[in-house]
Amino acid sequence: MAGRGLEDYARLAREGLDSVPAEFLATEERLWAGNRRILDRTALRPGDGDLPGPPGTAAKILGHTWPAPLLVGSLAGLVRPEGELAVVRASGAAGLPVVVSAFTGRTFAELASAAEGPLWLRTHLFRDRGTARWLVSRAADAGFEAVVLAVGPQRHVRLAPGAVPVNLAEDIPIRHFRGGGPLADLGGYGPFADPRALLDDTVDWAGVGRLRSISALPLFVAGVRTPMDAVRALAEGADGIVADDLGALPGIAASVAGRCPVLLRGGIRRGADILVSLAHGADAVLLDRPVLDGLLVAAREGVTEVLEELVSELRAALALTGTGSAADAGPELLRTTAPAPTGAADGTAERAPEGDLRRSDLHTSVSDPVLDTMNFLNEVTHRYPDAISFAPGRPYDGFFDTEEIITHVRTYLDHLARQGDSPQAIRTAMYQYGPTAGQIREIIADSLRDDENIDIPAESIVVTVGAQEAMLLVLRALITGPDDVLLVSSPCYVGITGAARLLDIGLSAVGERDSGLHCADLEAAILAERARGRRPRALYVVPDHSNPSGTTMDARTRAELLDLAARHDLLIVEDSPYRMVSPGPRLPSLKSLDHARRVVHLGSFSKTIFPGARVGFVVADQRVVDDTGRTGLLAAELAKIKSMVTVNTSSLSQAAVAGALLAARGRISERNAEAADYYGKALRTTLRSLDHHLPAERREALGVRWNEPTGGFFLTVQVPFRADNEALTRSAQEFGVIWTPMSYFYPQGGGDHTLRLSTSYLTDAQITEGTARLARFIEDRSAGTPGAAARP
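So, here is what we can say about the structure in this document. As the structure is a computational prediction, the values presented were derived from the model and not from experiment. (Residues numbered from 1 in each chain as written. Predicted model: local features only at pLDDT ≥ 70, side-chain atom pairs only at ≥ 80, totals over all residues. Heavy atoms only, no water.)

**Notes on the overall build of the chain**
And then number 1: Across its full length, the chain carries 26 helices and 27 strands.
And then number 2: Buried positions account for 55% of the 792 residues belonging to the chain.
And then number 3: Residue pairs in contact within the chain that sit at least 24 positions apart in sequence constitute 72% of those at least 6 positions apart.
And then number 4: Of the roughly 32400 Å² that the chain leaves accessible, carbon and sulfur atoms contribute 50%. (Helix = DSSP H or I, 4+ residues; strand = E, 2+ residues; numbered from the N terminus. Buried < 20%, exposed > 50% of the residue type's maximum accessible area, 1.4 Å probe, protein only. Contact = heavy atoms within 4.5 Å. Areas by Shrake-Rupley, 256 points an atom, 1.4 Å probe, with all protein chains shown as cover.)

Shown next, in the form of structure tokens:
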């Protein structure tokens with residue numbers, strides 16, 4: 001096999017799929033698809049001049065120097081007769097550490113006897129707390145040098161086909177679990193085909209501290225998704241971090257600020273990928289798929305050749321960029337490019353049948369999971385029409401009267417006539433395109449002044465095709481290049497995430513706490529982005545009864561947010577579609593408090609007039625100065641972009657909305673008082689019904705809780721099981737109730753154990769029956785989740 005390159009190994013491994021089910025390798029690729037998208041879109045900047053000598057690839061981690069910034073693994077029941085022993089021997093000969101999974105098919109002693117280099121153990125938070133302690137103790141006795149503890153949902157826990165028994169009580173090839181260990185008798189778990197059945201996949205930071213207290217081995221925490229997670233891991237005693245998300249890596253690295261090593265796992269295929277990862281903030285990377293390719297094709301020899309080729313490619317990438325050593329890699333080496341065509345296992349482009357297009361030749365956003373989430377939800381709703389659906393966040397259409405649309409249009413036409421427009425001018429206003437920025441801006445401005453205390457000139461408004469177009473226009477105008485980043489509170493509305501994906505805009509998620517966004521977390525995210533060389537340009541936030549969490553920002557946080565925006569030269573993109581359809585007094589909008597023009601306000605009449613009108617607007621009164629010193633408004637720049645997109649917003653739709661505003665004398669809050677009362681009642685009915693079917697004592701035993709918003713359309717329910725698409729399908733099919741997985745709304749991961757309920761579209765009877773069905777589903781699903789009663 002001498003002379004084979006990495007592409008050859010990838011191709012030959014795929015050709016040998018008779019011995020390895022294709023589903024296993026396909027799952028591997030899906031798990032790391034996000035990292036691959038980033039790597040495929042990122043190129044290295046060529047350097048200037050020649051280096052005085054060959055670049056250095058050495059890496060120093062926790063006082064140990066390795067020939068390259070590479071770790072191999074984690075290994076878990078790898079195929080071929082030699083399997084893990086072949087990888088351990090080849091990696092040791094290369095001087096590289098090997099990370100061994102707790103679910104290895106060999107005993108720790110067997111692996112240690114074959115190893116020529118360091119071994120690390122990757123373990124988990126098991127439902128039996130003594131299991132991790134026992135495993136770490138046995139690994140230490142065998143001479144392992146570090147522990148990688150995985151926390152949170154274990155998407156990446158898999159064994160190669162055939163490595164997991166039908167029932168561990170009958171036959172345990174995971175051999176070190178024999179002989180009196182905590183997992184020696186697992187009959188109570190019953191037959192299973194997934195090792196995740198043994199794990200506690202909550203993010204139990206106390207578990208990190210417990211393991212730290214009983215082992216002297218260096219401890220790395222894997223499953224870290226956000227900078228806050230990284231800081232928390234360090235506080236619990238971690239010596240290092242392992243990230244799975246390349247997009248979140250720079251923020252994580254900035255948050256630890258050199259206090260510990262940061263490793264990246266997943267998606268690495270080439271030497272250039274290694275350097276890109278280092279430039280994003282990693283100190284080293286973990287290798288899985290290239291090593292598996294080498295093993296499948298040529299056993300130990302294949303692994304050896306793959307590792308040698310990766311180090312050689314890394315050295316070439318360093319030379320290309322003019323970087324003297326791997327330790328010197330930084331973000332200045334990177335630039336974003338259009339993705340290269342992919343498709344073949346070896347990285348070459350496969351040609352589509354004549355007349356067809358390959359998805360890989362289209363913009364990467366069409367393959368983004370964010371754009372698929374609502375399609376899946378709609379598919380489930382269509383497939384189970386008798387299920388009661390808490391998914392659609394749309395207005396209750398019992399308030400709509402078809403004839404009223406005609407009345408609204410007539411009201412607007414009469415208004416034009418009263419202000420002196422001729423019949424020809426009125427006909428033109430209705431039948432022609434009209435001004436790009438909108439023809440009802442004055443009416444909207446009057447309404448904002450009277451109902452929201454937002455006093456701005458009509459010229460600062462652009463009327464849009466719904467709020468979604470408003471998002472696209474604002475992002476396109478504000479984000480000028482790959483170094484600009486959009487901050488979003490997380491969880492967040494998928495519309496802004498999708499818009500950013502369409503425009504190739506980088507996102508940085510600022511995690512909400514139970515009470516919503518905290519300015520301290522936002523400021524930490526701003527500083528982390530600047531540390532990695534990026535400019536935090538704007539923050540998108542829904543301050544009132546947000547979609548999806550239902551939280552409302554308090555008055556103090558609103559004031560702090562405006563002050564923070566001024567201090568950090570940050571714009572705030574405010575989106576508050578639920579203010580006027582929620583009961584009770586309203587807090588001032590951010591825009592009404594904005595005296596420094598820091599807030600770009602998005603508005604929509606979908607909830608307050610009717611969704612079919614598809615009319616929204618942007619308030620953009622920020623001043624823009626051109627190169628000659630002339631000053632204009634940001635709204636005028638947005639109108640230029642709109643002229644190249646939708647040209648204008650439907651004149652007929654604008655007429656209907658304007659007529660409704662005129663009839664209400666601009667006071668949407670008064671017009672929607674009945675609707676707000678209805679939605680408030682629906683929300684309270686849902687909360688009462690949930691409490692009836694899952695009373696406090698029972699939900700505490702199950703580990704179930706929910707928030708209690710004061711308005712809006714949404715609330716969230718935390719459950720002890722994974723609230724994913726599989727659970728949603730079962731809920732619809734077997735229990736007749738539909739909800740939305742909250743994981744849809746976390747742009748950088750999260751929400752795996754939370755579901756969203758929308759209460760706006762249902763009657764009291766549907767809510768009562770729907771929550772009863774939901775409670776039965778939660779009871780059933782929780783009963784199949786060992787340890788649910790012990791969860792927080």
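**Structural notes on the side chain of Glu529**
And then number 1: Relative to the assigned elements, Glu529 resides in helix α18 (residues 519-531).
And then number 2: Exposure remark for Glu529: the relative accessible area of 4% places this residue in the buried category.
And then number 3: Apart from residues lying up to four places away in sequence, Glu529 is in contact with Val485, Leu487, Ser508, Arg534 and Pro536.

**Structural notes on the sheet that holds strand β5 (residues 98-101)**
And then number 1: With respect to topology, eight strands assemble into a closed barrel ordered β4-β5-β6-β7-β8-β9-β10-β11, the strand pairing being parallel. The mean inter-strand angle of the sheet, taken between neighbouring strand axes irrespective of direction, is 25°.
And then number 2: Bridge analysis of strand β8 (residues 219-224) against strand β9 (residues 240-243) gives four bridges, and the strand direction is parallel. If you follow Phe220 over to β9, its bridge partner there is Gly240.
And then number 3: This element, helix α11 (residues 289-321), spans β4 (70-75) and β11 (284-287) of the sheet and lies at about 160° to β11. (Pairing = 2+ DSSP bridges. Axes fitted to C-alpha atoms, helices over the stretch in contact; angles between N-to-C directions.)

**Section: the environment of Pro583**
And then number 1: Inspection of the secondary structure assignment puts Pro583 in the loop between β18 (571-575) and β19 (599-604).
And then number 2: A relative accessible area of 26% means that Pro583 is categorised as partly exposed.
And then number 3: When the C-alpha positions of Pro583 and Gly680 are compared, they lie 5.8 Å apart, and in sequence the two are 97 residues distant.
And then number 4: Leave out the neighbours within four places in its chain, and Pro583 touches Ala676, Gly680, Thr710 and Gly711.

**Section: the pattern of salt bridges**
And then number 1: Applying the stated criterion across every chain, the model contains 42 salt bridges.
And then number 2: Arg513 is the salt-bridge partner of Asp521, the closest N and O atoms lying 2.9 Å from each other.
And then number 3: Residues Arg534 and Glu529 are paired through a salt bridge, measuring 3.0 Å at the closest nitrogen-oxygen approach.
And then number 4: The exposure class of Arg534 is buried, given its relative accessible area of 14%.
And then number 5: Each of the salt bridges in this network shares a partner with another, and the network as a whole consists of Arg225, Arg722, Asp724 and Asp752. (Salt bridge = Lys/Arg side-chain N within 4 Å of Asp/Glu carboxyl O.)

**Notes on the packing of helix α23 (residues 673-693) against helix α26 (residues 764-783)**
And then number 1: Following both chains from N to C, one finds α23 and α26 inclined at 35°, their axes separated by 9 Å at the closest point. As α23 packs across α26, the resulting crossing turns out to be right-handed. Within the contact between the two elements, α23 uses Lys681, Ala682, Thr685, Thr686, Ser689, Leu690 and His693 and α26 uses Asp764, Ile767, Thr768, Thr771, Ala772, Leu774 and Ala775.
And then number 2: Class assignment of the residues belonging to the contact of α23 with α26 gives a composition of six nonpolar, six polar and two charged. (Left-handed = near helix turned anticlockwise from the far one by under 90°. Nonpolar A, V, L, I, M, F, W, Y, C, P; charged D, E, K, R; others polar.)

**Thoughts on α23**
And then number 1: The end-to-end C-alpha distance of α23, which contains 21 residues, comes to 30 Å, matching closely the 30 Å that a straight helix rising 1.5 Å per residue would cover.
And then number 2: The elements touched by buried residues of α23 are β23 (705-706), β24 (714-718), β27 (754-758) and α26. (Expected span 1.5 Å × (residues − 1).)

**Remarks on the pairing of β27**
And then number 1: Across the five residues of β27, five count as buried, placing the element largely inside the fold.
And then number 2: Pairing analysis gives five bridges linking β24 to β27, with the strands arranged antiparallel. Opposite Thr716, over in β27, you have Arg756 as the bridge partner.
And then number 3: Where strand β26 (residues 740-741) lies against β27, two bridges are found, and the strand directions are antiparallel.

**With respect to helix α3 (residues 33-40)**
And then number 1: Listed as buried for α3 are Asn35, Arg36 and Leu39. Angularly, the buried residues of α3 cover 100° about the axis, an arc narrow enough to put them on a single face.
And then number 2: In this structure, the buried residues of α3 make contact with β1 (42-44), β10 (262-265) and α10 (271-279). (Arc of directions from axis to C-beta.)

**Focus on the packing of aromatic side chains**
And then number 1: This structure, assessed with the given rule, holds 17 aromatic pairs.
And then number 2: Residues Phe108 and Phe144 carry aromatic rings whose centres are separated by 5.1 Å and whose planes lie at 55° to one another, so their mutual orientation is tilted. A residue pair is termed long-range when its members are at least 10 positions apart, and Phe108 in helix α5 (residues 108-114) and Phe144 in the loop between α6 (129-141) and β7 (146-150) qualify at 36 residues. When sorted by exposure, Phe108 lands in the same class as Phe144, which is buried.
And then number 3: Ring geometry for Phe735 against Phe777: centres 5.6 Å apart, planes inclined by 70°, an arrangement best described as edge-to-face. Placement of the pair is Phe735 in helix α25 (residues 725-735) and Phe777 in helix α26, with a sequence separation of 42 residues. Across the pair, Phe777 and Phe735 agree in class, each one buried.
And then number 4: By the ring-pair criterion, three or more aromatic residues cluster together here, those being Tyr396, Phe399, Tyr578, Tyr678, Tyr679, Phe713 and Phe714. (Phe/Tyr/Trp six-rings, centres within 6.5 Å; stacked < 30°, edge-to-face > 60°.)

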